[in-house]
Amino acid sequence: MFTAGAESLLHQARDIRDEELKKFCSRVVNLLQKDELGPDAVDALQRLFLIVSATKYKRKLEDTCVHLLQATLCSPKCPEQLQLLCASILRETSPRDDLTLSCDHIQSTRQLSLVASVLLAQGDPKGEVRSVGQRVFRILESRQPEGPSPRHLLPVVSKITHLAPHTLHEDQTNQLSKRLVDWLRYASVQQGVAHTSGGFFSTPRARQPGPVTEVDGAVATDFFTVLSTGQHFTEDQWLNVQAFSMLRAWLLHSDPEGPSAPDADDRSELEGSTLSVLSAGSTAGRLLPPRERLREKAFEYCQRLAEQSTRRALRKGDSDLQKACLVEAVLVLDVLCRQDPSFLYRTLSCLKALHARLCGDPARVRTLLPIAQFFLNHGEAAAVDSEAVLRHLLTRTPSEFFHSPMLAFELTCFCRDNLPLFGRNLDILKRSFPNLFKLLAWNSPPLTAEFVALLPSLVDADTAVEVLHALLDLPCLTAALDLQLRLSPATSERPLWDPSLKIPSCLEASRDPQFQGLLQYLLRATASGTTERLGPLHRLLQPLASCARVVQCAQAVPTLLEAFFSAVTQFADGALTKQLALLLLERSDSLFQVPQYEAHVHRVLSSRFLALCALHPSLVVELAKELLEFVGSVSGIQGRGAMLASVVRPASLPAPPLPRRAARRGLRSVPTQVWAIGEYLSVSWDRRCTVEQINRFFEALEAVLFEVTQSRPSAALPRCPPQVVTVLMTTLTKLASRSQDLIPRYGRGRTGKPAGFPWVREWAPDACPVPDVRSAGGRLLASPPRFSSSSPTSWGPRSTCGARLQRTRVPSSSGSLCSCRR
Amino acid sequence: MVHAFLIHNLRAPQAQDTGLCRVLYSCVFGAENSPDDPRPHGAERDRLLRKEQILAVARQVESMCQLQQQASGRTSVDLQLQSSDEPVPLHEAPHGAFRLAAGDPFQEPRTVVWLGVLSLGFVLVLDAHENLLLAESTLRLLARLLLDHLRLLTPSTNLLLRADRIEGILARFLPHGQLLFLNDQFVQGLEKELSASWPR
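Residues numbered from 1 in each chain as written. Chains lettered and ligands numbered in written order. Predicted model: local features only at pLDDT ≥ 70, side-chain atom pairs only at ≥ 80, totals over all residues. Heavy atoms only, no water.

Notes on the overall build of chain B
What chain B contains, in helices and strands, is 4 helices and 5 strands. Overall, chain B shows an N-to-C arrangement of helices and strands of β-β-α-β-β-β-α-α-α. Taken over 200 residues, chain B has a buried fraction of 62%. Partitioning the intrachain contacts of chain B with sequence separation of at least 6 by distance along the chain shows that 61% fall at a separation of at least 24. Accessible surface computed for chain B: about 7,400 Å², of which carbon and sulfur atoms make up 52%. (Helix = DSSP H or I, 4+ residues; strand = E, 2+ residues; numbered from the N terminus. Buried < 20%, exposed > 50% of the residue type's maximum accessible area, 1.4 Å probe, protein only. Contact = heavy atoms within 4.5 Å. Areas by Shrake-Rupley, 256 points an atom, 1.4 Å probe, with all protein chains shown as cover.)

Written out as structure tokens, the structure reads:
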């Protein structure tokens, strides 16, 4: 528990000064030098540990103190409690230059393990890892029956092979492999004897230990494994547990070529040819070299575990262990088959049976993943169709188990890590994106980064449009999944949804057949190739929009959209770009109304729209009709009395609450679309651009400009920001320069007065200097507006450019073209 | 293999501004940098880096836990002590996993598995491809052992001055960061050894 008392203790430990620490160290030295090390010494060392660990900065410990800590650690008479504390203090202050510790003379293996933990934490500047390794192996090779138990040493070996595998010689590796075989395969099948304290009345012979049992209580039928139980255990049974725990890492270490060395094609050829030559019989009869013998015994062990996992465990802990053992067994089998393809034939039959059995067991769904991994790794060599396994995994599992955070994480990582291996099956992955998005929608914080990496592989020319719709509807998917869970029978004691949120109206309305159809579409498992307008569903699920899970998902969407567009622009051709741009315009007003979601999405969509236009400048002309409609609908809002002031505001200002109508039509993205119109609606970009189009756009934009400047600002709807007005005016100027008919109008403005847009000056007489618009035409903005700055845009110097704009240079984003021609 | 184990405090989602995320205990098994590491490193710098990496993990876990609590609609009340007699339902405790990319903050990519119990976060930092079922059950076991043997349910105790007990548990159940396949009976056996080694 972390209480106020604990907080103050931490503060004290951090604030202690060097002089005080020095005094404390001398006290520790005094205590440790005594013959009897009592509770005072323990207390002092506990405090010392807190002092050195509470801060990330170095604490100077006196040399005598450090020396004594090391001596105490190595002393054979010292109680375990003190040894642990000394080791932890030395480790916590590592790396150290002044350590004189050595494991050469330590007899107790438990103590040796503690000393090793300190030495291995130094980062190996003096070859500590090698010296520890050598000492450990010398003890392991000694094989004295009364000698120190190797039980405490195996984890050290495992650590060393992890940190510095090159420090072990081949003969040492072989020696240990031989001993591992003994421990794995030939451990005692009788239970251990209880360590009774003896006494006058105890009769040791009365208690004969029986055989070990399986997890379901039956007597063990074969050799001892980690799934064998008993009242007490013998030393070699302990070693059996240790040996299996380190087996996979050891197998990977002891294969000098490693699984990555041969080329994938060569390996599958090798596997294929070996398969045809060797029979299914095992090679147990011949005397094998240590490495091969270990593999053989490992194989038998894994098979036994697979059989033992079919039993119904009496205790919950054992049931969990069975699942973990299954996973490990499959992982070990995978390593074995990679190292020696002759195992493949036997493994396949075992795994196929296992897979069939596990498919129907919802409690063991996570164990399907390593099996699928195995089939991906070896399927081709064994001519096994991994498609069925993958299809089952991707189409059923996410729909049923999206709410399990661990499964969602593992499945996502499985997809991401195995992308190169999917091969022909990549199509299944792509088509399953709706299902994968369920994992993301429900568990967005941990999975967003994984999906950003995964998205490029899910998107191709066929799926891009559907994926974009799905991404924009992701928060709605979260809400739909929540609703689905509420409607289904409860599977666990605690509700999987947020019980504080009550939505009776949603539950009632969801029975309507119209919504059923849309819900089914949204919750589909595979890509359908079609799109549906989910507007009615957005309204139905509105009560869920403020739910925390939905909001979290909504916050992840902008990042995912960026990843999507980065991927899609790599391969999108003109037709697809046009579809996507159209989608952006259409969807800008039909998003699920999560607080602030629309604003963030519009920011991404507007910059991406511009990027798409930059890639395919003729887009503006091709989408002229839709753009015109888009701009027109913006001005049509005037009739409803709402203002267009919901457009982009500087990032530093909080967004005011807006009526829904004003926020309609994605007005934050208006400036970018307008800018794009100004840039690309020109015959120089697309020969099909006509003067009529330019005129129509001019009129529409002029109407918008009139409205934004003429409407009265109120408390709820403040004035339109200058950036928007600037963009509109700039665009109008550019358009005017491209059409003969417009120049006189430009000169006159809507009210018929000369020197165009005089109402703009009325709109903002003091706020910012509004020069003669003609001069604005003389020096136009050099780049698309950035809507995050808070300063008003500068208008540029006055020029003497007249009403007839002869040579107005329009620096566009591509920076080279003068786009005004007559 | 486990690279590190840590315990930190978990603040309630609403209490973001009060106090800081504090690492109450951490243990790194072995060192991350190897002799082949081309970067120049001093002892102090290495230690500083190690502590900051652990703190970065603790902060991320805290935020993941808070987000999960908010999403499930569980308030901070659940994280507080209900009653010291009730066994803490570890299977329903918030838990999860996420990945850390290479360089952020560890050199190698790592996987983090976490468990939130009674305003304490228990975290295992693992290698990238590990048996997560085993890691999860080991983490639950460690949490249960620490709660029981350190009597963390009693309001007045804390784990700051109990490093010896924490180390004793880790030395037996997670030696040198090795995840062990322990069935219930083995766990009981080790617990008996543990209790026997502590002076009363």
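Focus on the overall build of chain A
For chain A, the count of helices and strands is 39 helices and 0 strands. Across the 822 residues of chain A, 55% fall into the buried class. Sequence separation of at least 24 residues holds for 75% of the intrachain contacts in chain A that already meet a minimum separation of 6. Just so you have it, chain A exposes about 35,700 Å², and 52% of that area is on carbon and sulfur atoms.

Here's the deal with the interface of chain B and chain A
In this assembly, 80 residues from chain B lie in contact with 95 residues from chain A. In this assembly, chain B packs against chain A so that about 7,600 Å² is buried in total across both faces, 58% of it on carbon and sulfur atoms. The tally of links from chain B across to chain A stands at 11 salt bridges. Between Glu450(A) and Arg99(B) there is a salt bridge whose closest N-O contact spans 3.6 Å. Where chain B packs against chain A, one counts 33 residue pairs in polar contact (both at pLDDT 80 or more). (Buried area = accessible area lost by both parts, 1.4 Å probe. Salt bridge = Lys/Arg side-chain N within 4 Å of Asp/Glu carboxyl O. Polar contact = N/O pair within 3.5 Å; in protein donor to acceptor, adjacent residues only side chain to side chain.)

Brief notes about helix 1 (residues 4–15) of chain A
What sets the pattern is the α-helix's 3.6 residues per turn: residues three or four places apart point alike. Residue and element names in this part refer to chain A. Under the 1.5 Å per step criterion, the end-to-end length of helix 1 is 16 Å for 12 residues, consistent within 8% with the ideal 16 Å. Every buried residue of helix 1 is accounted for by Ala6, Glu7, Leu9, Leu10 and Ala13. On an axial view of helix 1, the arc spanned by its buried residues comes to 160°, and they lie on one face. Away from its buried face by more than 90 degrees, helix 1 exposes Ala4, Gln12 and Asp15. (Expected span 1.5 Å × (residues − 1). Arc of directions from axis to C-beta.)

Thoughts on unusual backbone geometry
In this structure, Pro95(A) follows Ser94(A) across a cis peptide bond, with omega equal to 0°. In this structure, Pro95(A) sits in the loop between helix 5 (80–92) and helix 6 (109–120). In this structure, Pro105(B) follows Asp104(B) across a cis peptide bond, with omega equal to -5°. Looking at the secondary structure, you find Pro105(B) in the loop between strand 3 (95–100) and strand 4 (110–117). Residues other than glycine seldom take positive phi values, yet Ser119(B) does so here, at roughly 60°.

Description of the packing of helix 1 of chain A against helix 3 (residues 39–54) of chain A
For any two helices packed against each other, one specifies the crossing angle of their axes together with the interaxial distance. Residue and element names in this part refer to chain A. The geometry of helix 1 relative to helix 3 is characterised by a closest axis approach of 8 Å and an angle of 75° between their N-to-C directions. Between helix 1 and helix 3, the angle falls in the class roughly perpendicular. Mapping the contact onto sequence places Leu9, Leu10, Ala13 and Arg14 in helix 1 and Leu50, Ile51 and Ala54 in helix 3. Per-class residue counts for the contact of helix 1 with helix 3 are 6 nonpolar, no polar and 1 charged. (Axes fitted to C-alpha atoms, helices over the stretch in contact; angles between N-to-C directions. Parallel < 35°, antiparallel > 145°, perpendicular 65-115°, else oblique. Nonpolar A, V, L, I, M, F, W, Y, C, P; charged D, E, K, R; others polar.)

Considerations on empty space enclosed by the protein
Residue and element names in this part refer to chain A. What the rule picks out here adds up to 6 cavities of 30 Å³ or more. Volume-wise, the second largest cavity comes out at about 130 Å³. In terms of lining residues, the second largest cavity is bounded by Pro434, Phe437, His469, Ala470, Asp473, Leu477, Tyr521, Leu522, Arg524, Thr531, Glu532 and Leu534. (1 Å grid on protein atoms, 1.4 Å probe; cavity = no way out; pocket = protein on both sides within 12 Å on 5 of 7 lines; lining within 4 Å. Points joined across faces, edges and corners; volume = space filled by probe spheres on them.)

Overview of the nonpolar core
As a rule of thumb, nonpolar side chains are buried together in soluble globular proteins. Counting residues in each nonpolar core, the largest one holds 293 residues, and the members touching the most others are Phe437(A), Phe564(A) and Phe5(B). Per-element accounting of this core gives the leading share, 12 residues, to helix 13 (residues 316–339) of chain A. Residues within four places of Phe5(B) in sequence aside, it is in contact with Tyr25(B), Ser26(B), Cys27(B), Phe29(B), Phe122(B), Val123(B), Leu124(B), Leu139(B), Leu142(B), Leu146(B) and Leu170(B). Ranked by size, the runner-up nonpolar core spans 18 residues in total, among them Leu6(B), Ile54(B), Val57(B) and Val112(B). (Core = buried A, V, L, I, M, F, W, Y, C linked by side-chain atoms within 4.5 Å.)

Overview of the packing of helix 21 (residues 433–442) of chain A against helix 24 (residues 474–487) of chain A
Residue and element names in this part refer to chain A. Here helix 21 crosses helix 24 at 85°, and the two axes come no closer than 9 Å. In terms of orientation, helix 21 and helix 24 fall into the roughly perpendicular class. Along the contact surface, helix 21 presents Phe437, Lys438, Leu440, Ala441 and Trp442, while helix 24 presents Leu474, Leu477, Thr478, Leu481, Asp482 and Leu485.

Considerations on helix 3 (residues 163–173) of chain B
Most of helix 3 of chain B sits out of view: 10 of its 11 residues are buried. Burial in helix 3 of chain B covers these residues: Ala163(B), Asp164(B), Arg165(B), Ile166(B), Glu167(B), Gly168(B), Ile169(B), Leu170(B), Arg172(B) and Phe173(B). Those residues of helix 3 of chain B hidden inside the fold are in contact with helix 3 and helix 5 of chain A together with strand 1 (2–9), strand 2 (23–28), helix 2 (132–149) and helix 4 (184–197) of chain B.

Section: the side chain of Ser53(A)
Position of Ser53(A) among the secondary structure elements: in helix 3. Taking the relative accessible area as the measure of exposure, Ser53(A) reaches 16% and is therefore buried. The contact partners of Ser53(A), leaving out residues within four places of it in the chain, are Glu92(A), Arg47(B) and Lys51(B).

Brief notes about the sheet that holds strand 4 of chain B
Residues and elements named next belong to chain B. Across the sheet, which stays open at both edges, the 5 strands sit in the order 2-1-5-4-3 with antiparallel pairing between neighbours. At either margin of the open sheet sits one strand with a lone partner, and together these are strand 2 and strand 3. Strand after strand, the sheet turns through a mean of 15° between neighbouring axes, direction not considered. As paired elements, strand 3 and strand 4 share 6 bridges and run antiparallel to each other. Along strand 4, the bridge assignment pairs Arg99 with Thr111. (Pairing = 2+ DSSP bridges.)

Focus: the side chain of Asp340(A)
Residues and elements named next belong to chain A. Assignment of secondary structure puts Asp340 in the loop between helix 13 and helix 14 (344–359). It is Arg295 that comes nearest to the buried, bridge-free Asp340 among opposite-charge side chains, at 4.3 Å. Polar side-chain contacts of Asp340 include one of 2.8 Å to the side chain of Ser342. (Lys, Arg positive; Asp, Glu negative; His and termini not counted.)

Observations regarding the packing of aromatic side chains
Think of a pair of aromatic rings as described by two things: how far the centres are apart, and how the planes are tilted against each other in angle. Residue and element names in this part refer to chain A. What the rule picks out here adds up to 18 aromatic pairs over all chains. Ring centres of Phe223 and Tyr301 lie 6.1 Å apart, and the angle between their planes is 45°; this geometry places the pair in the tilted category. Placement of the pair is Phe223 in the loop between helix 9 (170–185) and helix 10 (235–254) and Tyr301 in helix 12 (residues 290–308), with a sequence separation of 78 residues. Between Tyr680 and Trp685, the ring centres sit 5.2 Å apart and the planes meet at 65°, which makes this aromatic pair edge-to-face. (Phe/Tyr/Trp six-rings, centres within 6.5 Å; stacked < 30°, edge-to-face > 60°.)

Structural notes on the confidence of the model for chain A
All names here are of chain A. Summary statistics for chain A give a mean pLDDT of 80 and a share of 79% for residues scoring 70 or more. For chain A, the element scoring lowest by mean pLDDT is helix 33 (residues 660–663), at 39; helix 21 scores highest, at 97. The low-confidence segment residues 272–282, where pLDDT is below 50, has 13 contacts with residues more than four positions distant or belonging to other chains. Taken together, the stretch residues 785–822 has pLDDT below 50 and engages in 80 contacts with residues farther than four places along the chain or on a different chain. (pLDDT = per-residue confidence, 0-100.)

Some thoughts on the pairing of strand 5 (residues 120–127) of chain B
Residue and element names in this part refer to chain B. Counted residue by residue, strand 5 has 8 buried out of 8 residues, so it is predominantly covered. Where strand 1 and strand 5 come together, 7 bridges link them in antiparallel fashion. When the sheet's bridge partners are listed, Ile7 is paired in strand 5 with Phe122. By the bridge criterion, 8 bridges tie strand 4 to strand 5 in an arrangement that is antiparallel. If you follow Thr111 over to strand 5, its bridge partner there is Leu126. Once strand 4 ends, the chain turns through 2 residues before running back antiparallel as strand 5, passing Leu118 with a positive phi of about 50°.

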